[in-house]
Amino acid sequence: MGLDHSHAEEILAFRQFRRNIIGFLRLPLDVSESALRDALNIISPNLLASYKQRAAQATLAWASMCRTDMQSLRLSGEARGRQRVPLQSTPVQSAAQFAPV
């Protein structure tokens, strides 16, 4: 549980970081990711690099949490004697599609 908790904290910290940047730049709350990155690049390429690094870390944390959840579902199904579809057989979607970036 501790590992999932630290991943959740990392994701929430990134969301707050992103929200703070949007507020500081006085951008609309629904600004697109590409527009936000363009604005950061104009202001400071170093800030954009930092933002991208934190976004990547949050995406990895999210993916790790999803992987843990899927493994838990698989194990709980096996414990109940149900046959589950192997994880390798399920469609894989990009973590970036669901991550808070």
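In this text, all values refer to a predicted model and were calculated from it rather than measured experimentally. Residue positions are given per chain, counted from 1 along the sequence in the order it is written. Local features are withheld for residues below a pLDDT of 70 in this predicted model, meaning they are given only at 70 or higher, and side-chain atom pairs are given and counted only at 80 or more; totals for whole chains, interfaces and linings count all residues. As a rule here, side-chain values come from all non-hydrogen atoms in the structure, and water together with hydrogens is ignored.

Some points on the overall build of the protein
For the protein, the helix and strand inventory stands at 3 helices and 0 strands. Mapped from its N terminus to its C terminus, the protein presents α and β elements in the order α-α-α. A contact between two residues is defined here by any heavy atoms of the two lying within 4.5 Å. Taking the intrachain contacts of the protein between residues at least 6 apart in sequence as the baseline, contacts between residues at least 24 apart amount to 54%. Only the protein chains shown count as cover for residues, and all accessible areas are computed by the Shrake-Rupley method using a 1.4 Å probe. With the model as given, the accessible surface of the protein reaches about 7200 Å², and the carbon-plus-sulfur share is 57%. A run of H or I in DSSP counts as a helix once it spans at least four residues, and a run of E counts as a strand once it spans at least two, with each numbered from the N terminus.

Some words on the confidence of the model for the protein
Note that predicted coordinates carrying low pLDDT should not be read in detail. Here the protein averages 78 in pLDDT, and 62% of its residues register 70 or above. Confidence, read as mean pLDDT per element, is least for helix 3 (residues 45-79) in the protein (80) and greatest for helix 2 (residues 33-43) (96). On a scale of 0 to 100, pLDDT captures the predictor's confidence in every residue. For residues 89-98, every residue scores under 50 in pLDDT, and the model assigns this stretch 8 contacts once sequence neighbours within four places are set aside.

Quick notes on the environment of Phe17
For Phe17, the position within the fold is in helix 1 (residues 2-24). Separated by 38 residues in sequence, Phe17 and Ala55 place their C-alpha atoms 9.8 Å apart. Residues in contact with Phe17, not counting those within four places in the same chain, are Tyr51 and Arg54.

Topic: the packing of aromatic side chains
Note on aromatic pairs: the rings of Phe, Tyr and Trp (six-membered ring only in Trp) are paired at centre separations within 6.5 Å, and the planes decide the class, stacked below 30 degrees, edge-to-face beyond 60, tilted for the rest. Counted according to the given criterion, the structure contains 3 aromatic pairs. Centroid distance Phe14 to Tyr51: 5.4 Å. Interplanar angle 50 degrees. Geometry classified as tilted. Taken together, the residues Phe14 in helix 1 and Tyr51 in helix 3 connect sequence positions 37 residues apart. The exposure class assigned to Phe14 is buried, which follows from its relative accessible area of 1%. Here a set of aromatic residues connected by ring pairs shows up, and it is made of Phe14, Phe17 and Tyr51. The criterion for a charge sitting over a ring is simple: Lys NZ or Arg CZ within 6 Å of the ring centre, and within 35 degrees of the ring normal. Between Arg54 and the ring centre of Phe17, over which it is positioned, the NZ or CZ distance is 4.1 Å. Throughout, exposure labels follow a simple rule: accessible area from a 1.4 Å probe, protein chains only, divided by the maximum for the residue type, with under 20% read as buried, over 50% as exposed, and the rest as partly exposed.

Structural notes on the nonpolar core
Note on terminology: a nonpolar core comprises buried Ala, Val, Leu, Ile, Met, Phe, Trp, Tyr and Cys residues joined through side-chain atoms within 4.5 Å. Counting 11 residues, the largest nonpolar core consists of Phe14, Phe17, Ile21, Ile22, Val31, Leu36, Leu40, Leu48, Tyr51, Ala55 and Ala58. Among the elements of the structure, helix 1, helix 2 and helix 3 are those that each provide at least two residues to this core. Beyond its immediate chain neighbours, meaning those up to four positions away, Leu36 contacts Arg18, Ile21, Ile22, Leu25, Leu27, Val31 and Tyr51.

Side note on the pattern of salt bridges
For salt bridges, the criterion is a side-chain nitrogen of Lys or Arg within 4 Å of an Asp or Glu carboxyl oxygen. Evaluation of the coordinates by the stated rule reveals 2 salt bridges. The salt bridge involving Glu33 is made with Arg18; its shortest N-O contact spans 3.0 Å. Taken together, the positions of Glu33 in helix 2 and Arg18 in helix 1 put the pair 15 residues apart, joining distant regions of the chain. A salt bridge links Glu33 to Arg37; its shortest N-O distance comes to 2.9 Å. Of this pair, Glu33 and Arg37 both sit in helix 2, 4 residues apart, roughly one helical turn.

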